[in-house]
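These are the residues of each chain, in order.
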Amino acid sequence: MAEDVKGGPVATDDDSEQLAAIASLSTSVEGSCTLLQRMEICVAEAEKRSGKNAVNMQETFTVYLIETRSMDAMADGRNPAPDSLWRRYSEFELLRSYLIVAYPYIVVPPLPEKRAEFVWHKLSADNMDPDFVERRRIGLENFLLRVASHRVLSNDKILYHFLTEEHSWKEVVYETGFQAKADSRLRALSATFRVRNTHKRLMDMKHYSDELQSHTSQLLRARARVADRLYGVFKVHGNYGRVFSEWSAIEREMGDGLQSAGHHMDAYAASIDDILEEEEHYADQLKEYLFYAEALRAVCRKHELTQFELEMASQDLVSKKQQREELATGIVRTFSFKGMTNKLFGQEAPEQREARLKLLEELIAEGEDTVKDKTVECEEHIERAWEDMERFEEQRDKDLREALINYAVMQISMCKKGIQVWNNAKECFLKM
Amino acid sequence: MSGQTVPADFSGHMLDLDEDEDLEVFSKNTSLADGSSMPNSPSSLVNQYRLEEDEEDQQYASTKDIFITVDNPESHVTAIETFIMYRVLTKTTRSEFDSSEYEVRRRYQDFLWLRGRLEENHPTLIVHPLPEKFVMKGMVERFNDDFIETRRKALHRFLNKISEHPILSCSPHFKVFLTAQELTSHKKQGPGFLSRMGETVRAVANSVRGLRSRPEEFVVMQEYVEDFSNKVSSVDKVTQRIIKEQREYVDELKQYSPTYIQWAGSEEMLAEPLKGVASCVERCGKETEDQIQHMSEVLVPALHEYVLCAETLKAVMRRRDNIQAEFEAKNEALASRKVDQEALQEEVDALADRVELANNALKGDWSRWQSSMRHDLRSAFISTAEKNVEYYEKCLAVWESFLLSQRVEPMEQRDGEDVS
């Protein structure tokens, strides 16, 4: 009888067994070294394809060429051609969804954005735009490199299949049944509100992830607006180019100087396109960490959920034990339906009581196992999550510091170009 | 510039100029100024240009025997109106001036009077324009500080341009303007309002009649004036637009740098570099504001002046045309009338002389004006380009110092307590 069981559905023994099975299926023999150390991976190209989609309509999409080469073969001096296969963005998404379910304690690297966000005026929001596709190619490669160099993730067999089996991969990943194991949003949300004892470190991480998301998105928005304005400033100088050229035609002595100055103004106006395209790479680096914030939050949510499930299982156990006590001693401490019917219709027969008691004992034994398992699950999750969070923090500090330095380098390059252009213009004006 | 051949593009050499070389050549200015043996090195060629620019200044400088400043705007309140009085200070060694120094107070209306008289007496000379009466766009108040300062600078330039003009600076009106304590009595004398009215009526009448044929050189001049007017207005507009875009850019920068600081608040290791970037963005924003200021103070007024000059030129061309038209009209009358031939003939001769005088005056002034225009705009553009180079150099330094701070840090971390 399960009426007295409080709370939502909890993870049964079957569930945790299956999850463990997934994990064991996923790990290969070599545990300590990462895939990237054994294999060279890159996303070499992007191509447009046409095909019929799920509802039998013609669509155009982009596929990306993944090339892999064994490090051993390269070390031996052989230089084999790389193995390669084509993958769509949606397949990358599938891989990532799988990784999140299979490794809920890992901050799984994010994919490059699905749609162009933080777009400034002249930047294309079109997913088919070649610049966007190119940046996405780089982002997908980055994703694979991060996953393949992760101490835990890189040993996943599904990942290996993704990189090596073009056609059978999807079947294999669906066979893991991971989609069924994914936590429902509703369950997770409920847990967030109802959980009582959460681990401080993980909760701090949750607050940090909120701030990271907020700060990076504000920064990206502001940067996009600055880029827009800077674009305007440079392009208006192109008008100088046009007018100087026209003006030079009516001047005798000033003509040459004006004309050549005009050319430099045109060059100045044109230079902004490359400058801002390069800055988009900086924006992509920041976006990666914007999306990492979501990955962090997922780990924290998983903690809240497992902790909540543990609390529910413990509570359930306590209430079942209480029921057993009541049955055994006949003293009703808490309200129960059975108690009411007993009062109204008289006590049940001793055989019935015995049967119920026996069932209850079984349920209590089960419940104790559940609590034990859940406790282990919780503790393991916390331990592993903490470890990966430390790894993440170290990686983040290194990556973002590098990104900021690169940004400074870009600014310096822009300044040097500016100095050159205006010195050139000055020389032309001197000739006037 | 003398007709020296100039290599098409020696910009590559330009950037490597040795400062000391400049100074050396400057001190030997006489030999190069003769246009004798042309040195071959690119750097000395540059110095040649610099020198010639200074030569023009020197022309003015060496012959400059009158120095005028306009400053010290003061508000004057009377029962009827409020207006600004400017101090006009003159220092001169010219013999026609009784004293060597004069200080008078003048208002905008007085400048208008002076210019009017100069134009009247020299209808086909190019008299430098005055700043406009009021600014239409932006609804600037008449007594706004920026407006007054801009006007003061323009009035200063106006008087100096007049003083540099070989003919206009000898005008008695000019002298009176600079020296008389009370201008009102002088304003009432002589042909004034009525004669100006008369001229306008005549001008309208003549333009209705039309011009026979304009001499070729004035046709060319007319075309040039039209084109010049268009081009200079365009450059002026482009410049205003650039300033507008720069201002909006600065506004966005001001929103941008705080986002780095906010983020720094939730980071540990990254806090310092994030704040570093914020500070760089802020400083670059300030440099941009500086650059905008410079453009507004140097390039915009210079261009604006020549937009007004273009209008002046158009007016001068019209007046020349009218003088010619008047002569042609009388000449026709002479041909058709049989009586009063002698008297008419005298008039026609006088008008013919007038035409010739007017044409010669304009021709003479034309090249002087062109050279002056070239000098003024060239120097404004050069100044702007220099400021832009300076702007980028300063921003470069800002970002480089950030990079330096980042390169040093990891070493300090590795050394632990040992900070070298």
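Nothing here was measured: the structure is a model prediction, and the numbers come from that model. (Residues numbered from 1 in each chain as written. Chains lettered and ligands numbered in written order. Predicted model: local features only at pLDDT ≥ 70, side-chain atom pairs only at ≥ 80, totals over all residues. Heavy atoms only, no water.)

Caption draft 1: Just the overall build of chain B, in detail. The number of helices and strands found in chain B is 13 helices and three strands. In chain B, which comprises 420 residues, the share counted as buried stands at 45%. Long-range pairs, those at least 24 residues apart, make up 74% of the contacts in chain B with a sequence separation of at least 6. About 22,500 Å² of surface is accessible on chain B, with carbon and sulfur atoms providing 52% of the total. (Helix = DSSP H or I, 4+ residues; strand = E, 2+ residues; numbered from the N terminus. Buried < 20%, exposed > 50% of the residue type's maximum accessible area, 1.4 Å probe, protein only. Contact = heavy atoms within 4.5 Å. Areas by Shrake-Rupley, 256 points an atom, 1.4 Å probe, with all protein chains shown as cover.)

Caption draft 2: Inspection of the packing of aromatic side chains at higher detail. Scanning all chains against the criterion turns up 29 aromatic pairs over all chains. Arranged with centres 6.4 Å apart and planes meeting at 65 degrees, the rings of phenylalanine 92 of chain A and phenylalanine 143 of chain A form a pair that is edge-to-face. A residue pair is termed long-range when its members are at least 10 positions apart, and phenylalanine 92 of chain A in helix α4 (residues 89–102) and phenylalanine 143 of chain A in helix α5 (residues 130–148) qualify at 51 residues. Between tyrosine 224 of chain B and phenylalanine 228 of chain B, the ring centres sit 5.7 Å apart and the planes meet at 20 degrees, which makes this aromatic pair stacked. (Phe/Tyr/Trp six-rings, centres within 6.5 Å; stacked < 30°, edge-to-face > 60°.)

Caption draft 3: Focus on the sheet that holds strand β1 (residues 66–77) of chain B. All names here are of chain B. The sheet built from three strands is open, its strands ordered β1-β2-β3 with antiparallel pairing. For this open sheet the edge positions go to β1 and β3 (101–107), each flanked by a neighbour on one side alone. Between one strand axis and the next, the sheet turns by 20 degrees as a mean value, whatever way the strands run. Its contacts with the sheet place helix α6 (residues 145–164) against β1 and β2 (82–92), and it is angled at close to 145 degrees to β1. Where helix α7 (residues 172–179) meets the sheet, it contacts β1, β2 and β3, and its direction lies at approximately 90 degrees from that of β3. (Pairing = 2+ DSSP bridges. Axes fitted to C-alpha atoms, helices over the stretch in contact; angles between N-to-C directions.)

Caption draft 4: Spatial organisation of unusual backbone geometry. Residues and elements named next belong to chain A. Phi at asparagine 56 is positive, roughly 60 degrees, even though this residue is not glycine. Within the secondary structure, asparagine 56 sits in the loop between β1 (39–52) and β2 (58–70). For asparagine 56, a relative accessible area of 55% corresponds to the exposed category. Even without glycine at this site, phenylalanine 118 takes up a positive phi of about 50 degrees. You can see phenylalanine 118 is positioned in the loop between α4 and α5.

Caption draft 5: Spotlight on the domain arrangement of chain B. All names here are of chain B. As far as domains go, chain B holds domain 1 (63–188) and domain 2 (203–407). Averaged C-alpha coordinates put domain 1 and domain 2 at centres separated by 22 Å. With 18 residues of domain 1 at the interface, the matching set in domain 2 holds 22 residues. Summing both partners gives a buried area of about 1,700 Å² for domain 1 against domain 2, and 55% of it is carried by carbon and sulfur. At the junction of domain 1 with domain 2, the criterion picks out four salt bridges. Of all elements in the fold, only α5 (108–121) and α6 reach the threshold of two or more residues within the side of domain 1 that touches domain 2. Counting residues per element, the side of domain 1 that touches domain 2 draws most heavily on α6, at three residues. Within the side of domain 1 that touches domain 2, the residues separate by chemical class into eight nonpolar, three polar and seven charged. (Domains from an automatic or database assignment. Buried area = accessible area lost by both parts, 1.4 Å probe. Salt bridge = Lys/Arg side-chain N within 4 Å of Asp/Glu carboxyl O. Nonpolar A, V, L, I, M, F, W, Y, C, P; charged D, E, K, R; others polar.)

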